Amino acid sequence: MSRSVRLMFSGSVAAASLLAVPAMAQNTQDQSAAPIQRVEITGSSIKRASAETASPVQVISRDDLMKSGKGTVAEYLQTLTADGAGSLPTGFGNGFAAGSTAISLRGLGATSTLVLLNGRRMAPFARADDGQKSFTDLSTVPMQIVERIEILKDGASSTYGADAIAGVVNIILRKDFEGLQLKADTGFSRYSDAKQNKAAVTWGKGNLDEDKFNVVFNAEYFQSDSLKNSDRKDRAYIGKSDLRAYGYPVGTQFAAGYIAGNNTASPSPTGSIRNPLTNDYVSLPGCSTLSATTDQTGSGGGCLWHNDQFRDMQPEIESINLYTRGTWQINDDTQAYAELGYSKRDTSFMMIPPSVTPTVAFPPNATTPQGFINYGNLPLLAATHPQNPYGVATRLRYSAFDVGPSTRSANNTFKRAVIGLKGSAMGWDYDTGITHSESALDLGYSNMLNMNVLRAALSDRTSQYFPYYIGDQAFRNPASLYAALRVNAGSHSTTKLDIVDFKASRELFELPGGKMGLALGGEYRKEQLSNPSLAGSENGSINSSYVAAFGDSKVKAVFAEILAPIVKTVELSAALRYDKYDRFSSSTPKAGIKWTPVKTFALRGTYTEGFRAPGAAESNVGSQSTGSAPVRDPVRCPGGVPAAGGATSTDCAITIAAVKVGDPNLKPEESKGKTLGLVWDPLEGTSLSLDAWKIKRTNEINSLPYDQAAALPTAVRNDNNLVVNGAAIANTGTLVLTQAPYRNSSFTEVSGVDLDVKQRLRLGEYGRAVIGLNWTHVASWVRSESATVRYQYAGTHGNCDTSNCAGTPKNKINLNASWDLGDLNVTGNVNFRSKMDNTAYAGALCASTFTAAFGGGNAPNAKCEISSFTTLDLSTRYNISKQLTLFASMNNVFDKLAPLDPQTYGAMSYNPMDASGAIGRYMKLGASYKFF
């Protein structure tokens, strides 16, 4: 295969080499031939002269990262077309795993994408996303020291074991740096906010060939200011939770304080009290001084307020990454190495003030055997409370603005150590090592409520804290009340991973196409997870549900791989791995073929099987979590229309909480994947690849979908039942909480096509240029819940339990061009995401209801779709001298506005994956200097 194709898929041979070991010359009669440098490609343990395999591999070079203008590895990877629904962006502060970042290949979720650092696993983030999904936090990887990133776009459980169902991301750090280099940059938006500062120092000494050693050290500091949703108040709908101007009703997911009807009100900053005779809620005075929402149209007499009064759009971040590696060439055949890594990342995200009437879930106990408390159904306001005009205890709806907004801090520390030995012995190339890594997460939630103090302060006249004045009378409260009422709840979570691994490869006998290759290996792995819930949530004494996971596992594995060039034009490969867990075992094969009839053209294909073991959050009976997502209430909004008797449009897009409990009887997920493609050099300097892929994941571990959980007769509802012809219909009140147990559901099947094209141009005196296109088309993304229930998510806003309600676009395209003229480089990247239907799945009713008054005509997505989104990023770099380089970048050059997305809960009125269109045009300036 021509050099351009090799470069396209794995970078240059020199860049890809892990260890330069002389190989036997292909022509055994020509002893003067130069040694062939063999390379190891992600997904295979056999070193080979050809850099491309039967599997599709995308390689991102250090230069690609530097030209992108992105500040972190995660930011860059989340622009790739192969990254799909379920990845975690920085701004996802409302999620379980706030403060972390992750990639989700093929939209199968971060838990099905295996992330490696220098070919080895890392301890996962110490809190599972959605309380379920274990994943590797990309924020722990220092960007400046990255050598390249290899992305294997088919499964690789036969080589790496569990979690590689959708593919593998192998981040390879530099091992051979010499000298001292400083680099710094600063960034800011067109609004002169969202400022970022970054500085890195890299030092290396020693040449392996001459000095027989190399030591490299890198330190990287990153700081990012927080950005509030209100900071974008002049950017159309961006960051706004009040969408009435765009044709939506009052009761959207980030609005509160309105009185929707009889016996139905949401928490307000003034407080709404229920009349015990009529069950109508009546608002207390003072709204104009507390709520930033001046237009109270449609509030029903309540005090309408919106989350953007408080909530952050992007968190405040401060992080440091340290990395060092030492390599020692003991002799010609033996090399020892050691790696140490340390990362500390502190993230802070402002949320809204607490409601005094939450519904909280926790493990059942003797006092509360039902396992939840619905404070909204309790008569919290005492008859003798000075703000209660009715003379009997009654219900209250109140957002405690006087307590203040809650700030969520996530302080994560990651440590990693590796010692290893590699080399050649008795005709084998080997690599063995011991790895220890651990992640520690300290969560802190400020201004939580002590529910025992709250209940006493509102309803017990004998309490020292009674009466607790609310709303515009809160100034009457003594400091001692708030000292007792406010709780700063926290938890300390850890994950630990220990690995001992060994692998060896060699060439065997001669085949017509070359020598057969063989690799053998084994691994012992121990994983531990301790993720306790926030203190006080174990019994409902704070306003937070219980979220915890505990468990450990031990894994023993062996694997074998062969590479057989049966003739000069045909290469076969096969691998098999056996993993033994505590409660089950798994055998995962893989087979591949590559046919190269001419040097400029090849056909390739793979078949792979994979698995994912049940995580501690899913399989341990001591694990429990409560998540939330917007659904259409099947009882109060059948057919997309509010039911008679008191239902409102809010019931057609209501956020519901669901309790998920670990089940030790879960089986591992299993997968079968296929790829079929071609690589072709049709012209000089032109490289093209086209790969079709299909993955079927069975025994899938999922909670019951929230829309189905909402229909369960056991769902917890308020007692504001629908009233038809004067009669109340039992169990038809507003949805509050339900159960969504984990189970092995039927299957998920996804399929699509990847197209990669690269054209190199020699422009003579005008330099040289490279133009590239990466396109991923998702043809189908089907989830089968049962023999009769099947959902198609491709091109829709679903599915929320995997995509975090960010949607599954059918097409993602990256078009890039880079031009070099002497010491100047200019690079441009166009990023495109196709439109999505604003439906939960294909054929479903519109997920967001328009009001009759507007008819949806003024809404940017009046056709019930989230518009496509395209941005242009530019960067430039100029080498002033061999030592000094200046660089600048501009993201979202044309300041494109992110499309309106009223459905997602990860961001306010825009899709979290379109964050560049919410922040606005963003500039960076920087310089690097190499002293020696």
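Residues numbered from 1 in each chain as written. Predicted model: local features only at pLDDT ≥ 70, side-chain atom pairs only at ≥ 80, totals over all residues. Heavy atoms only, no water.

## Things to note about empty space enclosed by the protein
And step 1. Applying the stated rule across the entire model yields ten cavities of 30 Å³ or more.
And step 2. What the second largest cavity holds in volume is close to 610 Å³.
And step 3. Looking at the second largest cavity, it is lined by 37 residues, and the ones nearest its centre are Glu40, Asn118, Gly119, Asp431 and Lys503.
And step 4. For the lining of the second largest cavity, the element with the highest residue contribution is strand 26 (residues 486-511), accounting for six residues.
And step 5. Here the lining of the second largest cavity is composed, by residue class, of twelve nonpolar, nine polar and 16 charged. (1 Å grid on protein atoms, 1.4 Å probe; cavity = no way out; pocket = protein on both sides within 12 Å on 5 of 7 lines; lining within 4 Å. Points joined across faces, edges and corners; volume = space filled by probe spheres on them. Helix = DSSP H or I, 4+ residues; strand = E, 2+ residues; numbered from the N terminus. Nonpolar A, V, L, I, M, F, W, Y, C, P; charged D, E, K, R; others polar.)

## Digging into the state of the cysteines
And step 1. Evaluated as defined, the whole model comprises three disulfides.
And step 2. Residue Cys637 pairs covalently with Cys652 via a disulfide, S to S 2.0 Å. The S-S bond linking Cys637 to Cys652 shows a torsion near 95°; that makes this disulfide right-handed. Of this pair, Cys637 sits in the loop between strand 32 (624-631) and strand 33 (654-661) while Cys652 is found in the loop between strand 32 and strand 33, placing the two residues 15 residues apart along the sequence.
And step 3. Residue classification places Cys652 among the buried positions, given a relative accessible area of 2%.
And step 4. Here Cys846 connects covalently by a disulfide to Cys864, the sulfurs 2.1 Å from one another. Disulfide Cys846-Cys864: torsion about the S-S bond near 110°, hence right-handed. (Disulfide = S-S within 2.5 Å. Buried < 20%, exposed > 50% of the residue type's maximum accessible area, 1.4 Å probe, protein only.)

## Considering helix 7 (residues 451-459)
A turn of α-helix holds 3.6 residues, and therefore any two residues three or four places apart point the same way.
And step 1. Regarding helix 7, the residues found buried are Met451, Val453, Leu454, Ala456, Ala457 and Leu458.
And step 2. Packing partners of the buried residues in helix 7 comprise strand 23 (396-397), strand 25 (428-449) and helix 8 (479-485).
And step 3. Where helix 7 begins, one side-chain oxygen reaches toward the backbone nitrogen of Asn452, 3.1 Å away; that side chain belongs to Asn450. (Contact = heavy atoms within 4.5 Å. Polar contact = N/O pair within 3.5 Å; in protein donor to acceptor, adjacent residues only side chain to side chain.)

## Overview of the pairing of strand 6 (residues 146-152)
And step 1. With seven of seven residues buried, strand 6 lies mostly within the body of the structure.
And step 2. Here five bridges tie strand 3 (residues 57-61) to strand 6, and the two strands are oriented antiparallel to one another. Paired with Gln58 across the bridge in strand 6 is Ile151.
And step 3. In the sheet, strand 6 pairs with strand 7 (residues 167-173) via six bridges, with the strands oriented antiparallel. (Pairing = 2+ DSSP bridges.)

## Side note on the sheet that holds strand 33
And step 1. Taken together, the four strands give an open sheet; going across it, the order is 32-33-39-36, and neighbouring strands pair in mixed fashion. Both edges of this open sheet fall to strand 32 and strand 36 (716-717), since each of them pairs with a single strand only.
And step 2. Looking at chain direction, strand 32 and strand 33 are connected through eight bridges and run antiparallel. Its bridge partner being in strand 33, Ser628 is matched across the sheet by Ala657.

## Details of the packing of aromatic side chains
And step 1. Under the counting rule described, the total for this entry stands at 14 aromatic pairs.
And step 2. Both rings, one in Tyr237 and one in Tyr246, keep their centres 5.6 Å apart while their planes meet at 85°; by these two values the pair is edge-to-face. Each of the two residues, Tyr237 as well as Tyr246, counts as buried.
And step 3. Their ring planes at 90° and their centres at 5.9 Å tell us that Tyr581 and Phe611 sit as a pair that is edge-to-face. One end of the pair, Tyr581, is in the loop between strand 29 (570-580) and strand 30 (585-598); the other, Phe611, is in strand 31 (residues 601-612), with 30 residues separating them in the sequence. (Phe/Tyr/Trp six-rings, centres within 6.5 Å; stacked < 30°, edge-to-face > 60°.)

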